[in-house]
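# Fold and geometry: a report
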2 protein chains.
Amino acid sequence: MEDLHRILNADSVAVIGASRDETKRGYQAVATLKKSGFEGGIYPVNPRERRVLGLRCYADVEEIKEPVDLALITTPASTVPGLLAQCGRKGIAGAVIIAGGFGEMGPQGKRLEDEILETARAHKVRLVGPNTSGIINMWTGLNLVGLSNVPKGDIALLTQSGNIALHLITEATLRSHKGFSYYVGVGNESDIHFDEYLEFFRRDDKTKAILIYVEGLRDGRTFLQQVYKTSRQKPIILLKSGRTSTGQKSAGSHTGALAGISEVARTSFERAGIINIEHPDQLFPVAETLSSLPHIRNRKVAILADGGGHATIASDLLTDLGLEIPTLSERSQAKLREILPHNASVSNPVDVAGGSDANPEIFARCARIILNDANVGGLLIAGLFGGYAIRFAEKLRFLEEDAAHQMGKLVQRSGKPIVLQSLYNSVKPHSLELLRYYGIPVYESLDIATRCVGALSRYGQYISAYKYKTTFEFNWGAKAKKKAVKLIHNARAEGRRYLFEHEAKEILRSHGAPAMREHLAKTADDAVRLAEEIGGAVVLKIVSPDILHKSDAGGVRLNLENEDQIRNAFHRIIDNAREYKPDAVIKGCLVASMKKKGVEVIIGTKIDRQFGPVVMFGIGGILVEVVRDVSFRVLPLSRTAASRMIDEIKSAPILNGFRGSPALDKQALSQLLLTVSEVVESYPDIQEMDLNPVIVHDQGIDIADARMILKKEPVVPKG
Amino acid sequence: MEDLHRILNADSVAVIGASRDETKRGYQAVATLKKSGFEGGIYPVNPRERRVLGLRCYADVEEIKEPVDLALITTPASTVPGLLAQCGRKGIAGAVIIAGGFGEMGPQGKRLEDEILETARAHKVRLVGPNTSGIINMWTGLNLVGLSNVPKGDIALLTQSGNIALHLITEATLRSHKGFSYYVGVGNESDIHFDEYLEFFRRDDKTKAILIYVEGLRDGRTFLQQVYKTSRQKPIILLKSGRTSTGQKSAGSHTGALAGISEVARTSFERAGIINIEHPDQLFPVAETLSSLPHIRNRKVAILADGGGHATIASDLLTDLGLEIPTLSERSQAKLREILPHNASVSNPVDVAGGSDANPEIFARCARIILNDANVGGLLIAGLFGGYAIRFAEKLRFLEEDAAHQMGKLVQRSGKPIVLQSLYNSVKPHSLELLRYYGIPVYESLDIATRCVGALSRYGQYISAYKYKTTFEFNWGAKAKKKAVKLIHNARAEGRRYLFEHEAKEILRSHGAPAMREHLAKTADDAVRLAEEIGGAVVLKIVSPDILHKSDAGGVRLNLENEDQIRNAFHRIIDNAREYKPDAVIKGCLVASMKKKGVEVIIGTKIDRQFGPVVMFGIGGILVEVVRDVSFRVLPLSRTAASRMIDEIKSAPILNGFRGSPALDKQALSQLLLTVSEVVESYPDIQEMDLNPVIVHDQGIDIADARMILKKEPVVPKG
């Protein structure tokens, strides 16, 4: 953090590659710093120049006498390692590396990137980039991007594309009152990753919201942990591109980052409180809205319009976003009827039906009635407001302005937001400027206005559920059981990278999971005795380190009810196994109770490249295998996440009691998901776990089969 | 059509309710007509005025000596019936009724609406509206909407909301070179429906594209038939609001129309060639694009960008829209490499990587290479083009303009479209004006630009598949079989509104469908004899007009293999039925072969309120009942639609041979869907049909059970 502070609030900058040639980045950098009113030290560095823009130019950074916080390196990739060593010797905290030609350019570039990172670490210099557009601190004028006219404000911008940033800055300038506190082009994230910048912005009191454009994350889990800490205090609005395979291909050639499973990314971003955006048009407006307005405490919003078309489209779009448009209370409706014409709709959406044509101040009165309704968490106003003076009569301008003042104060007093869509936004009427002054954003687009309302509600829901959320942190090994550690150790000792079914179940049972009891019978006599202990019909299954697919080897016999059947089955299984694989080591047969009827579900875990351990859930058979009706979560799970991932699959109604059959034990299932989460956390050695099937009964569940695969190398738990 | 011609190309208009009060619609109407340069006769009508805006004012329309084509009625709802009678006597072809207070205001308003329709029909006056914003003919200045400054052009606008129209017109004015040929506010569609206007626009040679905003259709099927005839010649771009239940509630209070099943509407709109829009931001841009550019003949497009972020987001968005971003040919890549820097991406997306910074004319050269690639059907250019003079150096302006000329001609020559996204669009640089002059639309939004590219491809695919499309027309009864007609007649004669299973199957078989053969056995002897004829194991099922759910009544016995079993089963079924319902009329038992194994699917038909007969398909059991994995189509089906509706369900892979089982007979299934379509077309008496289950084998299929329900009243087939 100290490093980042010295970088982003640098008091002095060396511009390496400074130039007198106006077309060069090294000229623009010095010019922009001067133009942006940066009051710290600016030290051009270039052995071939004496002065640049009136400033003394140094041969190298070590020649500078004064202390230097930050270096901007504008020279080609190949020069960077040597320069970083000099920066280190000079005691410079960080270097912003503009050049491309690193990891994004294939293996050779990757080697160069590794080299600069090594050099930087050896010399204790932190790196921004490489392949970055630069950084800006809007409050000190530290502008290393070469963009002027960036509006100042409270949104921090963290971006992996200079052009997207340019897009957002242009939008902010043209169509809002908002601006930026910092700009960081993260580039290839070689050294400093998204999470460190995020932590800086979390602590920075000039920043109220954080806007992120990301193509690929180097370390998804650390990012999520930092997001979790930040999002409650400051909304984080993020667009992740490279969601699709073609998008990933494009992102790969752009930043060299690996794009992960988009489904896992999406759900975990949302769990961590991120407002996730897929359409670039929405990115800045949602950031503007979330940094300006109180959030919506529920899913319930009202629509106030001066035309049926806008009201109807807004209803569709808000419903698509998961919001409700509740009917207003009788009291609210009666009050609206008093001030609106008889043909107005007053239930919600409220359509003033010409009631505002002669007096747009009516909007403020309606807004007050609507926001006073306890059922309503926020309001969208859609239509012509702001244009009544243009559309009807010039004098209406003053009534619109009066309405704007009233609505602005109403938002402050009620703590409920208003978002306004106006057909006349681009004409820039004063009434709309006034609304913005009060923090009420105005959009010409109904798509964008509704999306902003949706984001206010989404964020409100996150805040209210915050205390039930996971931190995304693992306490590796803390809850490990001795017996289980020993089983894993034994498997390693035997050279196995997997656990036998009975071992996997033993581990699960040691954490309280209802794995079906099974015992290893080495002889037919053993099997008969164990079956008697278990009681009822049993199943026998071959145990051999050399046979993974038991059924294929004729190694499973079901529904064995008496001694003869059991003996007979035991011998047949052993014979089949020998025939299937003559050199197989055969340990015996598992004896287990026949499973009761129920619905078969599947729970699996694996290690995602970007996010670490993740869990999958689905209902067995065609629903998982053909329809791909599954849910994913990054581990660990909270109690809420566990029950959500059960309910969000499309086939969930099967578990709720389908066609008159009783409801199944979703609580036990949810508990099992939490146990699976705990098991993964306890044994970092586990690479994959597969509980397939788990039988869900109306009361209780049974893990009928379990498989665990270990990582290539043993892992020592760390906190 | 003659009527509509006299209305939309009226030579003379009576303005009923003309006024000298500037705030009145009756004043604005006369003023707008004069201002719009309308050269026909304008006849103000108001018994209380002598002159309005310098024109003689008449007491009523019958006082006017000259012939009058059209009346604009601006007076309240209650005055309309009397006025229509006068219009009829005067020989006026049509009346545009502005007033609200009809069907959209509940039952009382509905009665008034019925009354004006009756009066209009009696007096041979056609109605536009009521509750309409009016109509405009941009070519004659016939402007009855009260909007001035509407841009003239080749897009016809058909709208159910005045404010949405105002929105579209404002957008056209601010951000395009395009304009409108006609404007029609359809209002409540009391008399003239969407389809008649559509037919007019199809024949109108000033109109090149048709833009529709609809909340609810009065007659979906006639609309689809008209769309089918039109969309091949002129693209139709449509936003249907009231898609969601809250949207429907809002639309209901707005136009009084019934919103239909949105899924059926969506798929049938697309089958008829409509470009269906859900987001209002896209509505005008897509119309602009489709009316300006050649369509894309395949799904393959290229992206050319001057920044990785835009390229990556565009890839995601185009992929979401179902487009492919094919790798360019080796030859194209080599040519691009010749003109771009070494770090540029040349495979597709093409990222110039700074290669255009000093010379934006490079865009035109890249575009030529890319559009010459046989694999590419169209091009999206994204980023800063148009702003190089602003961002880099003023003199680059001329190079951008040169590039714009080249790209405009390239589109004309190649017949492949270019859509451009520019961050600098709102600055209105001349180069972007030039592009628009050549018909290349420019958008600031990447969301919108990509959606336009998607629409060009969607429309191109429709055009290329046009000859395989249904016309949505029924030839009712043309293929009816005598035997089947008799069965329906008999059921009616017996007072039944349904057919017995064996009757329904008989009808299906008479059209060649593979309904399992079953025979009615009145006695146990019959049953034994019939079983011998069939051969193999059989099933017996009760036949009684009083027992619909056979299994519940103990009326089904499976797997009967010999005479004893059959006799025994027959008696038990009859006994069970008598016990279940003592007064049931029992006709006997059906004897049928035991069905072979296979996958059970469900086919059902019903009559949709808006679109008439529709068919549903799904795989039986939880996939239909819980996951709701079904597909819908409006009937009749084309061969393509039949096979698409099988393939588009999520569980379709089950039919393709799942887990090593053989692929099932999708061709026979597709044929059965066509037969079902033919059966519905043959017997307009059928209200609902339910084939459940149909067993699909690896070779052939069997309809195991069939049910048909008849309409309340017999229907006489009409063509």
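Residues numbered from 1 in each chain as written. Chains lettered and ligands numbered in written order. Predicted model: local features only at pLDDT ≥ 70, side-chain atom pairs only at ≥ 80, totals over all residues. Heavy atoms only, no water.

Labelled according to an unreviewed UniProt entry, chain A appears under the name Atp-grasp domain, originating from Desulfoluna butyratoxydans. Per UniProt, chain A carries the Sequence similarities (unreviewed entry) text "In the N-terminal section; belongs to the acetate CoA ligase alpha subunit family." (UniProt positions renumbered as here; feature names shortened; annotations may be inferred.)

## Considering the environment of A:T74
Residues and elements named next belong to chain A. Tracing the sequence through the fold places T74 in the loop between β5 (70-73) and α3 (80-90). With 47 residues separating them along the chain, T74 and Y27 place their C-alpha atoms 9.7 Å apart. Polar side-chain contacts of T74 include one of 2.9 Å to the backbone oxygen of I16. A polar atom in the side chain of T74 sits 3.5 Å from the backbone oxygen of G17. (Helix = DSSP H or I, 4+ residues; strand = E, 2+ residues; numbered from the N terminus. Polar contact = N/O pair within 3.5 Å; in protein donor to acceptor, adjacent residues only side chain to side chain.)

## Details of the packing of helix α11 (residues 308-320) of chain B against helix α17 (residues 446-464) of chain B
All names here are of chain B. One can describe the packing of α11 onto α17 by two numbers: an axis separation of 10 Å at closest approach and a directional angle of 45°. One finds that α11 runs oblique with respect to α17. Judged by the twist between their axes, the crossing of α11 over α17 is right-handed. Where α11 abuts α17, its residues H310, I313, A314, L317 and L318 lie against L446, D447, T450 and V453. Across the contact of α11 with α17, the residue classes tally to six nonpolar, two polar and one charged. (Axes fitted to C-alpha atoms, helices over the stretch in contact; angles between N-to-C directions. Parallel < 35°, antiparallel > 145°, perpendicular 65-115°, else oblique. Left-handed = near helix turned anticlockwise from the far one by under 90°. Contact = heavy atoms within 4.5 Å. Nonpolar A, V, L, I, M, F, W, Y, C, P; charged D, E, K, R; others polar.)

## Some words on the environment of B:I507
Locating B:I507 in the fold gives a position in helix α19 (residues 501-510). As a C-alpha pair, B:I507 and B:A480 span 27 residues in sequence and 9.6 Å in three-dimensional space.

## Digging into the interface of chain A and chain B
The partner chain B presents 73 residues to the 73 residues of chain A that form the contact. For the chain A and chain B pair, buried surface summed over both sides reaches about 5700 Å², with 57% attributable to carbon and sulfur atoms. Here B:R175 makes a salt bridge to A:E444, at a shortest N to O gap of 2.7 Å. Counting every contact that joins chain A to chain B gives 22 residue pairs in polar contact (both at pLDDT 80 or more). (Buried area = accessible area lost by both parts, 1.4 Å probe. Salt bridge = Lys/Arg side-chain N within 4 Å of Asp/Glu carboxyl O.)

## Things to note about the nonpolar core
Ranked by size, the top nonpolar core spans 178 residues in total, and within it A:M407, A:I418, B:M407 and B:I418 carry the most contacts. In this structure B:I418 touches B:L293, B:A367, B:L371, B:L379, B:I381, B:M407, B:L410, B:V411, B:I440 and B:P441, once residues within four positions along its chain are discounted. The next biggest cluster of nonpolar side chains, apart from the first, holds 103 residues, and it includes A:L672, B:A504, B:L637 and B:V680. (Core = buried A, V, L, I, M, F, W, Y, C linked by side-chain atoms within 4.5 Å. Buried < 20%, exposed > 50% of the residue type's maximum accessible area, 1.4 Å probe, protein only.)

## Concerning the side chain of A:N276
All names here are of chain A. Summarising the element assignment, N276 is placed in strand β14 (residues 275-277). According to the relative accessible area criterion, N276 is buried, its value standing at 13%. Here N276 is in contact with L238, R266, F269, E270 and R451, once residues within four sequence places are set aside.

## Looking at the pattern of salt bridges
What the rule picks out here adds up to 81 salt bridges over all chains. Where B:D154 meets B:K208, a salt bridge forms, and the shortest distance between an N and an O atom there is 3.9 Å. With a gap of 54 residues between them, B:D154 in strand β10 (residues 152-159) and B:K208 in the loop between α6 (194-203) and β12 (209-214) connect regions that are remote in the sequence. Several salt bridges share partner residues, and in doing so they unite A:D3, A:R121, A:R126, A:D191 and A:E196 into one network.

## Points about the UniProt feature "domain: ATP-grasp" (unreviewed entry) in chain A
Per the UniProt record, "domain: ATP-grasp" (unreviewed entry) is annotated on residues 505-541 of chain A. Between the C-alpha atoms that bound residues 505-541 of chain A there is a distance of 14 Å. The span itself is 46% helix and 22% strand.

## Considerations on the packing of helix α13 (residues 362-372) of chain A against helix α15 (residues 396-414) of chain A
All names here are of chain A. The contact between α13 and α15 brings their axes to 8 Å, and the two run at 15°. Taken together, the axes of α13 and α15 lie roughly parallel to each other. Taken as a pair, α13 and α15 cross one another with a handedness that is right-handed. Facing α13, whose interface residues are F363, A364, A367, R368 and L371, α15 presents A403, Q406, M407, L410, R413 and S414. For the contact of α13 with α15, the class distribution of residues is seven nonpolar, two polar and two charged.

## Brief notes about the sheet that holds strand β6 (residues 94-97) of chain B
Strand pairs in the sheet, formed through backbone hydrogen bonds, run parallel or antiparallel to each other. Residue and element names in this part refer to chain B. Taken in spatial order, the five strands make up an open sheet running β2-β1-β5-β6-β7, and their pairing is parallel. Among the strands making up the open sheet, the edge pair consists of β2 (41-45) and β7 (126-128). Adjacent strand axes in the sheet meet at a mean angle of 20° when their direction is disregarded. In this structure, strand β1 (residues 12-16) lies alongside strand β5 (residues 70-73), joined through four bridges in parallel fashion. Following the sheet pairing, V15 is matched in β5 by L72. Against the sheet, helix α3 (residues 80-90) touches β1, β5, β6 and β7, its axis set at about 165° to β5. (Pairing = 2+ DSSP bridges.)

## Considering the pairing of strand β11 (residues 180-185) of chain B
Both faces of the sheet carry side chains from a regular strand, because those side chains alternate between them. All names here are of chain B. Burial analysis of β11 places six of its six residues in the buried class, the great majority of the element. In the sheet, strand β8 (residues 135-137) pairs with β11 via three bridges, with the strands oriented antiparallel. Counted as the bridge partner of I135 is V184 from β11. Relative to β11, β10 runs parallel, the two sharing five bridges.

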